[in-house]
Amino acid sequence: MERIITRFVTALRERGVRVSPGESLDAVQALAIGGLSGRSSVKALLRLTLVKNVNDIPAFEEVFDWFFSSNQSNPGDLDPAEFLSAMIHIVEGEQLKADEHRTREKDDPLQIIDEDLTAEDLENLLGLEESDDDAAGAEIMVQLDGYRGKMNAPEPADYYMQSPPTVAFHQGVNKSRVVPFTPEELADMQEVVSRMLVRIRKDVQRMKEMENRGKLHVIKTIQKNYRHGMVPFLLSLRRKRKEKPRLVVLCDVSYSVSHATRFMLLLLHTLQNRLMHVRSFIFNKELAEITPMLRNMPVNCLLETIDKGDIINLDDNSDYGAVFASFKERHLENMRGKPAIIIIGDGRNNYNEANDWALEEIREKAGYMLWLTPEERDIWQRGDCLLDLYGSYCDRVETARDVDELSRLVEDLFHTLFDHNDSRAWKRDRHEPRVEEPAKELNYYNRPKAVDSPNCTQFSPSSKEWRDRYGTPYHKRR
Amino acid sequence: MITEQQVKELLRSGGYIADETIATAVFLALRMEKPILIEGPPGVGKTGLAKTLSTVLDFPMVRLQCYEGIDEGKALYDWEYGKQLLYTQLLRTQLDSYLSESTDLRAAVERLSAEESLFFSQNFLVQRPILRSFLSPKRSLLLIDEIDRSGDEFEALLLECLSDFQVSVPELGVIAAQHKPLAILTSNGTRMISDALRRRCLYLYIGYPEFDREVAIVRTKFPELCEGLSRQMVEFLRRVRELNLRKPPSVSETLDWAQVLSILHTKQLTPAVVANTVGVIAKHQADLKQVTELAVQMMG
């Protein structure tokens, strides 16, 4: 029975459900206790012990139905040869898959870790002693051949691990522009986000602590305790007033950066009003605010809405210049405080007007400006990319190719935000090398002094400059 | 030994209609002595399950309500500093005579440290819920409610307690449970519980019940309500849940509504009845309108 469970667990893992060896042991134990009295009870037993997340339940149901299909018989005595071939198939499958990964993208060793684990776990589990109930499982069938389905198993993280050209190519060939999240992707990203949130939360707590500290405000304390005869019952501290940082995000939803945008949208969805005030916009040719939608809609619906082109027309090419101008015109005045602005996009302007003056004005209003691009630095100059120009107005321009990088960058940003929440601090820390303008020398008539030239000299022969240049040096004098 | 079917019957006798998964979970938890982590939307009977279990199985219930900032002093144990101080004060004369035999300071300190365990004994230990349930004279039911409200630190604290059923007190050593309690953790899913904790538990997701089960729940709680009305009611609520409300009505709302209808002696659902009692089902301004509109649409 352990073998069946082991293989079932492997199938689950292929489907993206994370099952630890300990949990499969639990499952075996549970089956030993609960017995194999009926299909639904076995299903319940397995589900209780193996699945530890709501989002994984549909995947489990699917795998269960397909793995234990009811038209085969006699599972108790599995043919060893058959079993071996299945094993080999599994291992081969892993190998094949790993090879596939290697050829597809050479720069990513992370992909293979999971597969390596599986074979090892398998062996560990096979080492268990046989249980008595082995022969009793009349209703549990194993469909060995159906197992090949795993080659087509969805690989949630793949889109984000690949470089943009690969993604673009893949999506261009067989997917629509902004594909709504599959449950696996959602789970995957939810995890990244939630782990990030845990780390960020510490910063928030620290900020709150900072808020509650402060020196004694003597005058206010005395005023407050006037009615107590100046005995300081109530203290008044000089608190550092801190407010939630404000964030404005501009996402390019055009085709070339859609995968980064998707992650960002999810991130925003989670962050919305939890840690900070976020206002989010999407654009390609026109600009639209999606803050209320983020608040009210599930992320999948929102993506579908965007995908259908209900908010902005997706067939347009992105026009950064027009977007910045309209942002400046319509929204900049309404921004409270000094928000940090994140722009996600590749800066490919399709040869439209650059309008960098608008970006400059936005920059003046913003406390901090970060540009995230999926492209590598060395192709920024090529084609219609204006990133060099736009980048000169930003505090930072960063390349974010996959989920990990993106989440790290955003986390970085939060650190900065919470550390110097005070917007003046960002300015102070920006280390702008102050360009010392040479003081213009004025002549007697308040005009700039003319430049001296060999033919025309303004200096009088009695001046030091004239003497230095034309005069006879002292040692040559007679 | 108890079986799944018996668990189901037991729960039914306590007024809790369980489906197969719930019954299996309880059965497994009893047999494997593993905690159950129950997740689900609010009001589907997560805490209710624990309460019913404690009455039907006759396990005394020890409840720990989690909140932000809960720590071991509130959940596991605490030292009773006041009592310790009081005892040292009261015992001062005894201590003086006891220590007067020793000639120098060093000997006195040694003597005193030999009796140190006196002051760090179970006598001065305040048992908080988890330890109390571990040390209770008979098997108890430990309900850790709304664990998603607590922090990560607290979750980490629970790991030892829930996997080995023991509490480590640095001054006393490890205190193992005398009877392993039936531990039930509930969560509303507002925060992801860490995988480490999930791994130690049986995971039970209780969603909104199926039609028949919900009708059965209403019928058991309010037998005076006629069959037709309860079916109509449940049908309507199922449609309401599909509406994408801000707070969809849950089983507890169903029961509230059933109570209201039985008090009003309603025989049949009409838009007017729904409009009058909508406050029981919908809990948001924006939801009220949607629900009444649906009622007109359905019963027109």
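Residues numbered from 1 in each chain as written. Chains lettered and ligands numbered in written order. Predicted model: local features only at pLDDT ≥ 70, side-chain atom pairs only at ≥ 80, totals over all residues. Heavy atoms only, no water.

(A) Focus on the overall build of chain B. Each helix and strand in chain B was counted, giving 15 helices and nine strands. Counting every position in chain B, which comprises 300 residues, the buried fraction comes to 45%. Long-range contacts, defined as pairs at least 24 residues apart, comprise 75% of the intrachain contacts of chain B with a sequence gap of at least 6. (Helix = DSSP H or I, 4+ residues; strand = E, 2+ residues; numbered from the N terminus. Buried < 20%, exposed > 50% of the residue type's maximum accessible area, 1.4 Å probe, protein only. Contact = heavy atoms within 4.5 Å.)

(B) Structural detail: the overall build of chain A. The helix and strand tally for chain A stands at 19 helices and eight strands. Across the 478 residues in chain A, those meeting the buried criterion constitute 46%. Put simply, of all contacts in chain A between residues at least 6 apart along the chain, 75% involve residues at least 24 apart. Surface exposure of chain A reaches about 26200 Å², of which carbon and sulfur atoms provide 51%. (Areas by Shrake-Rupley, 256 points an atom, 1.4 Å probe, with all protein chains shown as cover.)

(C) Spotlight on the sheet that holds strand 2 (residues 61-65) of chain B. Residues and elements named next belong to chain B. Taken in spatial order, the five strands line up as 2-5-8-1-9 in an open sheet, and their pairing is parallel. Each having just a single partner strand, strand 2 and strand 9 (202-205) make up the two edges of the open sheet. The mean inter-strand angle of the sheet, taken between neighbouring strand axes irrespective of direction, is 20°. In the sheet, strand 5 (residues 141-145) pairs with strand 8 (residues 182-187) via four bridges, with the strands oriented parallel. Bridged to isoleucine 144 within strand 8 is leucine 185. In the packing of helix 2 (residues 20-32) onto the sheet, the strands contacted are strand 1 (36-39), strand 8 and strand 9, and the crossing angle to strand 9 comes to about 160°. (Pairing = 2+ DSSP bridges. Axes fitted to C-alpha atoms, helices over the stretch in contact; angles between N-to-C directions.)

(D) Broad picture of a nonpolar patch on the surface. Together, A:Leu216, A:Val218, A:Ile219, A:Ile222, A:Tyr226, A:Met230 and A:Leu235 make up an exposed nonpolar region whose accessible area comes to about 720 Å². With respect to the helices and strands, A:Leu235 occurs in the loop between helix 10 (218-224) and strand 2 (237-239). (Patch = residues over 30% accessible without salt bridge, like charges linked within 9 Å, V, L, I, M, F, W, Y side chains within 5 Å. Salt bridge = Lys/Arg side-chain N within 4 Å of Asp/Glu carboxyl O.)

(E) A look at helix 13 (residues 299-308) of chain A. Those residues of helix 13 of chain A not exposed but buried are A:Val299, A:Leu302, A:Leu303, A:Thr305 and A:Ile306. Along the long axis of helix 13 of chain A, the arc covered by the buried residues comes to 160°, so they all point the same way. (Arc of directions from axis to C-beta.)

(F) Broad picture of the sheet that holds strand 4 (residues 277-283) of chain A. Residue and element names in this part refer to chain A. Pairing within the open sheet is mixed, and its six strands lie in the order 5-4-3-6-7-8. A strand with exactly one partner marks an edge of an open sheet, and here the two such strands are strand 5 (287-289) and strand 8 (396-399). Strand-to-strand twist across the sheet, computed as the mean angle between neighbouring axes with direction ignored, equals 20°. Here strand 4 pairs with strand 5 via three bridges, running antiparallel. In the strand pairing of strand 5, isoleucine 282 is matched with alanine 288. Contacts between helix 15 (residues 356-365) and the sheet are confined to strand 6 (340-344) and strand 7 (368-373), with strand 7 contributing the most and set at about 130° to the helix.

(G) Looking closely at the packing of helix 5 (residues 81-90) of chain B against helix 6 (residues 92-100) of chain B. All names here are of chain B. Contact pair helix 5 / helix 6: the axes reach a minimum separation of 4 Å and the direction vectors enclose 60°. Here helix 5 is positioned oblique relative to helix 6, judged by the angle of their axes. Across the interface between the two elements, Thr88, Gln89 and Leu90 of helix 5 pack against Arg92, Thr93 and Gln94 of helix 6. Its residues assigned to classes, the contact of helix 5 with helix 6 comprises one nonpolar, four polar and one charged. (Parallel < 35°, antiparallel > 145°, perpendicular 65-115°, else oblique. Nonpolar A, V, L, I, M, F, W, Y, C, P; charged D, E, K, R; others polar.)

(H) A look at the environment of A:Ser20. Its location among the elements puts A:Ser20 in the loop between helix 1 (2-14) and helix 2 (21-34). Leave out the neighbours within four places in its chain, and A:Ser20 touches A:Arg13 and B:Arg199.

(I) Up close: the packing of aromatic side chains. If you walk through the whole model with that rule in mind, you get 20 aromatic pairs over all chains. Arranged with centres 5.5 Å apart and planes meeting at 15°, the rings of A:Trp371 and A:Tyr390 form a pair that is stacked. You can see A:Trp371 sitting in strand 7 and its partner A:Tyr390 sitting in helix 16 (residues 387-391), a full 19 residues away along the chain. Taking the centre distance of 5.8 Å and the plane angle of 40° together, the rings of B:Phe236 and B:Trp257 count as tilted. In this pair, B:Phe236 is assigned in helix 12 (residues 227-241) and B:Trp257 in helix 13 (residues 251-263), connecting sequence segments 21 residues apart. On the basis of relative accessible area, B:Trp257 is assigned to the buried category, the value being 0%. For B:Arg111, the ring lying beneath its charged end belongs to B:Tyr98, and the centroid distance is 4.3 Å. In this arrangement the basic side chain of B:Arg241 is found over the ring face of B:Tyr208, its NZ or CZ atom lying 4.6 Å from the centre. (Phe/Tyr/Trp six-rings, centres within 6.5 Å; stacked < 30°, edge-to-face > 60°. Lys NZ or Arg CZ within 6 Å of the ring centre and 35° of its normal.)

(J) Just the environment of B:Arg213, in detail. Residue and element names in this part refer to chain B. As for its position among the elements, arginine 213 is in helix 11 (residues 211-221). When the C-alpha positions of arginine 213 and alanine 18 are compared, they lie 8.0 Å apart, and in sequence the two are 195 residues distant. In this view, arginine 213 contacts Ile17, Ala18, Asp19 and Ile22; residues no more than four positions away in its chain are not counted. There is a polar contact of 3.1 Å between the side chain of arginine 213 and the backbone oxygen of isoleucine 17. (Polar contact = N/O pair within 3.5 Å; in protein donor to acceptor, adjacent residues only side chain to side chain.)

(K) Representation of the interface of chain B and chain A in the model. Between chain B and chain A, the residue contacts involve 23 residues of the former and 24 residues of the latter. For the pair chain B and chain A, the summed buried area comes to about 2100 Å², and 59% of that belongs to carbon and sulfur atoms. The tally of links from chain B across to chain A stands at two salt bridges. The partner of A:Arg18 in a salt bridge is B:Asp195, with the nearest N and O atoms 2.2 Å apart. Where chain B packs against chain A, one counts eight residue pairs in polar contact (both at pLDDT 80 or more). Counting residues per element, the ones that place at least two in the side of chain B that touches chain A are helix 2, helix 10 (195-199) and strand 9 of chain B. It is helix 2 of chain B that provides the largest number of residues to the side of chain B that touches chain A, a total of eight residues. (Buried area = accessible area lost by both parts, 1.4 Å probe.)

(L) Molecular detail of the pattern of salt bridges. Tallying each qualifying case throughout the model produces 27 salt bridges over all chains. With a closest N to O distance of 3.6 Å, B:Lys247 and B:Glu253 form a salt bridge. Residue classification places B:Lys247 among the partly exposed positions, given a relative accessible area of 22%. The exposure class of B:Glu253 is buried, given its relative accessible area of 6%. One salt-bridge network, held together by shared partners, links A:Arg39, A:Lys43, A:Arg47, A:Glu61 and A:Asp65.

(M) Representation of the confidence of the model for chain A. Of all residues in chain A, 59% have pLDDT values of 70 or greater, and the mean over the chain is 69. Within the model, pLDDT remains below 50 along residues 98-179 of chain A, and this stretch shows 138 contacts once partners closer than five positions in the same chain are excluded. (pLDDT = per-residue confidence, 0-100.)

(N) Inspection of the nonpolar core at higher detail. In this structure, A:Phe8, A:Leu46, B:Phe236 and B:Trp257 are the most contacted members of the largest nonpolar core, which totals 85 residues. In terms of residues, this core owes the most to one element, helix 2 of chain B, which gives nine residues. The residues contacting B:Phe236, other than those within four sequence positions of it, are B:Trp257, B:Leu269, B:Val274, B:Ile281, B:Val291, B:Leu294, B:Ala295, B:Met298 and B:Met299. (Core = buried A, V, L, I, M, F, W, Y, C linked by side-chain atoms within 4.5 Å.)

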